[in-house]
Amino acid sequence: MVNGKRTLIIIPALNESGSIADVVGEVRGELPGVDVLVVDDGSTDRTAAVATAAGATVAKLPYNLGVGGAMRLGYRYARDHNYDVAIQIDADGQHDPRYVPKLVDLLDDNDLVIGARFAGEGDYTVRGPRRWAMVMLSAVLSRVAHTKLTDTTSGFRAANRRVIDMFATWYPAEYLGDTVETLVHTARRGYRIRQVPVAMRKRMAGTPSHSPARAMIYLGRAFAVLTLALIRR
Amino acid sequence: MKLTLVTGLTGLLLLGTIVELLRRRQLREKYGMLWLAVLVVVIPLSLFPRLLDNVAELLGVASGVSLVLFLGIVFLLLVCVHLSWEVSALEEETRTLAEDFALLRAEIDADRAARDELVSTDG
């Protein structure tokens, strides 16, 4: 329970045996009374076993479906087990669970709340094509959602029952679709979206990619996904 | 002139069909992008078939039209190979699913048998 609401924390994880135990442990320590579901997206390491040992419920996918596929399973679980709130948290430890009550509070007046970097807290910076992609996505999605969104690809989000029901039946599995397209879809259907500033921490394990070519490809794909999301109904 | 009209209209019709399929979410993004990219090349060519004549000459092909035919066949061949690859991946996935399902059923049956055993010895 967080603020009187039955809350499920969904953690999609792919080969995160190095950090998943700490993340699950921290969530359970900071938020007593919430349930934790780790969706193991076809890991080849011991992610599922480690997460179970740390006290999470684990749903193990037989093969890799991508973050979108893992998250739809998470939302279906939330719907079928009658949760009021479902919160997505990354398995690499960059999201601080102490922000969760803040996100849940805002769900009283909103349907989807996003924990956003670059919104005043923390010191996360990006440059080059990745920055351009983020600026473009923020500008367009802010207009579509009628609210200021600065970190549209954030994997730290809280959904209420209405949005859980929608995501349980519809959640894109395509690259960037799980963040960008879901925002367009949610906003178009009249749900209220809000962002809250959160500080992000360094990943506990693994390294982010920093090659310029990849960044350009990312920009191109972001543009394509956004255009497609806007013409889709 | 008549030919340009026919080929141009065909190109536009294909473009419309693909965009509409994408809009209705009948095509996944990766395939949609592929076909849109193809049309971006095909539509100008259908309107101005002579565009490739210079390139054709450079490659020693008699006319631009032959070059288009050649490239078209190579492209279709690649698409076929890609689709076979996708089908192989899908077959592997359904196989894994079937195994998972059988394992689950075996576990449930074993659980049920153990429970029945317990009930009959209690009663």
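Residues numbered from 1 in each chain as written. Chains lettered and ligands numbered in written order. Predicted model: local features only at pLDDT ≥ 70, side-chain atom pairs only at ≥ 80, totals over all residues.

Asker: What am I meant to see in the overall build of chain A here?
Answerer: In terms of helices and strands, chain A carries eight helices and seven strands. The globule rule puts the C-alpha radius of gyration for 233 residues at 17 Å, and the 17 Å found for chain A is close to it. Taken along the three principal axes of its C-alpha coordinates, chain A extends 40 × 40 × 35 Å. Buried positions account for 49% of the 233 residues belonging to chain A. In chain A, the proportion of contacts linking residues at least 24 apart, taken out of those at least 6 apart, comes to 78%. (Helix = DSSP H or I, 4+ residues; strand = E, 2+ residues; numbered from the N terminus. Rg over C-alpha atoms; globule rule 2.2 N^0.38 Å. Buried ≥ 20, exposed ≤ 12 C-beta atoms within 10 Å, placed from the backbone. Contact = placed C-beta atoms within 7 Å.)

Asker: Would you mind showing me how to read the overall build of chain B here?
Answerer: From N to C terminus, chain B includes four helices and zero strands. N-terminal to C-terminal, the α/β element order of chain B is α-α-α-α. For a compact globule of 123 residues, the expected C-alpha radius of gyration is about 14 Å, and chain B comes in at 27 Å, more than 25% above that figure. With respect to the three principal axes, the spread of C-alpha positions in chain B is 90 × 30 × 15 Å. With 123 residues in all, chain B has 3% of them scored as buried.

Asker: Help me understand the interface of chain B and chain A in this model?
Answerer: Where interface size is quoted, it is often the accessible area lost as the parts come together. Facing the ten residues of chain B at the interface are nine residues of chain A. Going through the elements one at a time, helix H1 (2–23), helix H2 (29–47) and helix H4 (64–122) of chain B are the ones with two or more residues in the side of chain B that touches chain A. The element best represented in the side of chain B that touches chain A is H4(B), accounting for four residues.

Asker: For this particular structure, what's the right way to read the nonpolar core?
Answerer: One broad rule of soluble globular proteins: the nonpolar side chains tend to lie buried together. All names here are of chain A. Formed by 74 residues in total, the largest nonpolar core has its most connected members in Val38 and Ala86. Per-element tally for this core: the top contributor is helix H3 (residues 66–80), with seven residues. In contact with Val38, not counting residues within four places along its chain, are Ile11, Ala13, Ile20, Val24, Ala51, Ala56 and Val58. (Core = buried A, V, L, I, M, F, W, Y, C linked by C-beta atoms within 7 Å.)

Asker: Would you take a moment to explain helix H1 (residues 20–30) of chain A for this structure?
Answerer: Structurally, the α-helix is built with 3.6 residues per turn, so residues lying three or four positions apart point the same way. All names here are of chain A. Taken together, the buried positions of H1 are Ile20, Val23, Val24 and Val27. Considered in projection along H1, the buried side chains sweep an arc of 95° and stay on one side of the axis. Where H1 is buried, its residues meet strand E1 (7–13), strand E2 (35–40) and helix H2 (47–53). (Arc of directions from axis to C-beta.)

Asker: Where do I start with the pairing of strand E5 (residues 112–116) of chain A in this structure?
Answerer: Where a strand is regular, its side chains alternate between the two sheet faces. Residues and elements named next belong to chain A. Burial of E5 is extensive: five of the five residues sit out of reach of the surface. Residue alternation in E5 divides its side chains into two sets, Leu112, Ile114 and Ala116 and Val113 and Gly115, and both sets are buried. Relative to strand E6 (residues 157–159), E5 runs antiparallel, the two being bridged by three bridges. Its bridge partner being in E6, Val113 is matched across the sheet by Ala158. Pairing of E5 with strand E7 (residues 193–197), which is carried by five bridges, proceeds in the parallel orientation. (Pairing = 2+ DSSP bridges.)

Asker: Looking at this structure, I do not really get the UniProt feature "transmembrane region" (unreviewed entry) in chain B. What am I missing?
Answerer: In the UniProt entry, the feature "transmembrane region" (unreviewed entry) is given for residues 6–22, 34–52 and 58–85 of chain B. Regarding residues 58–85 of chain B, the helix share stands at 86% and the strand share at 0%, and the terminal C-alpha atoms are separated by 34 Å. (UniProt positions renumbered as here; feature names shortened; annotations may be inferred.)

Asker: I tried to follow the environment of A:Met200 on my own but got confused; where do I start?
Answerer: Structurally, the position occupied by A:Met200 is in the loop between E7 and helix H8 (212–231). According to the C-beta neighbour criterion, A:Met200 is buried, with 21 such atoms within 10 Å.

Asker: How should the confidence of the model for chain B be read in this particular structure?
Answerer: Predicted coordinates in areas of low pLDDT are best not read in detail. Confidence in the prediction for chain B averages 86 pLDDT; 99% of positions are at 70 or higher. We note a pTM of 0.84 for the whole complex and an ipTM of 0.71 for its interfaces. (pLDDT = per-residue confidence, 0-100.)

Asker: For this particular structure, what's the right way to read the environment of A:Arg143?
Answerer: Relative to the elements of secondary structure, A:Arg143 occurs in helix H5 (residues 128–145). Between the alpha carbons of A:Arg143 and A:Pro172 there is a distance of 21 Å; along the sequence they are 29 residues apart.

Asker: Looking at this model, I keep getting lost on the sheet that holds E6(A). Mind explaining?
Answerer: Residues and elements named next belong to chain A. With mixed pairing, seven strands are arranged side by side in an open sheet as E3-E2-E1-E4-E6-E5-E7. Edge positions in the open sheet fall to strand E3 (57–60) and E7, since each of these has one partner strand only. Averaged over all pairs of adjacent strands, the angle between their axes in this sheet comes to 20°, without regard to strand direction. Pairing of E2 with E3, which is carried by four bridges, proceeds in the parallel orientation. Bridged to Val38 within E3 is Val58. Across the face of the sheet, H1 comes into contact with E1 and E2 while running at roughly 160° to E2. (Axes fitted to C-alpha atoms, helices over the stretch in contact; angles between N-to-C directions.)

Asker: Just checking my understanding: could you explain the packing of H5(A) against H8(A) for this structure?
Answerer: Packed helix pairs are characterised by how far apart their axes lie and by the angle those axes make with each other. Residues and elements named next belong to chain A. In contact at an axis separation of 7 Å, H5 and H8 are set at 15° when each is read in the N-to-C sense. If you check the angle between H5 and H8, you find them roughly parallel. Taken as a pair, H5 and H8 cross one another with a handedness that is left-handed. Between H5 and H8, the contacting residues are Gly128, Pro129, Arg130, Trp132, Ala133, Met136, Leu137 and Val140 on the first element and Pro212, Ala215, Met216, Tyr218, Leu219, Ala222, Phe223 and Leu226 on the second. Counted by class, the contact of H5 with H8 contains 14 nonpolar, one polar and one charged residues. (Parallel < 35°, antiparallel > 145°, perpendicular 65-115°, else oblique. Left-handed = near helix turned anticlockwise from the far one by under 90°. Nonpolar A, V, L, I, M, F, W, Y, C, P; charged D, E, K, R; others polar.)

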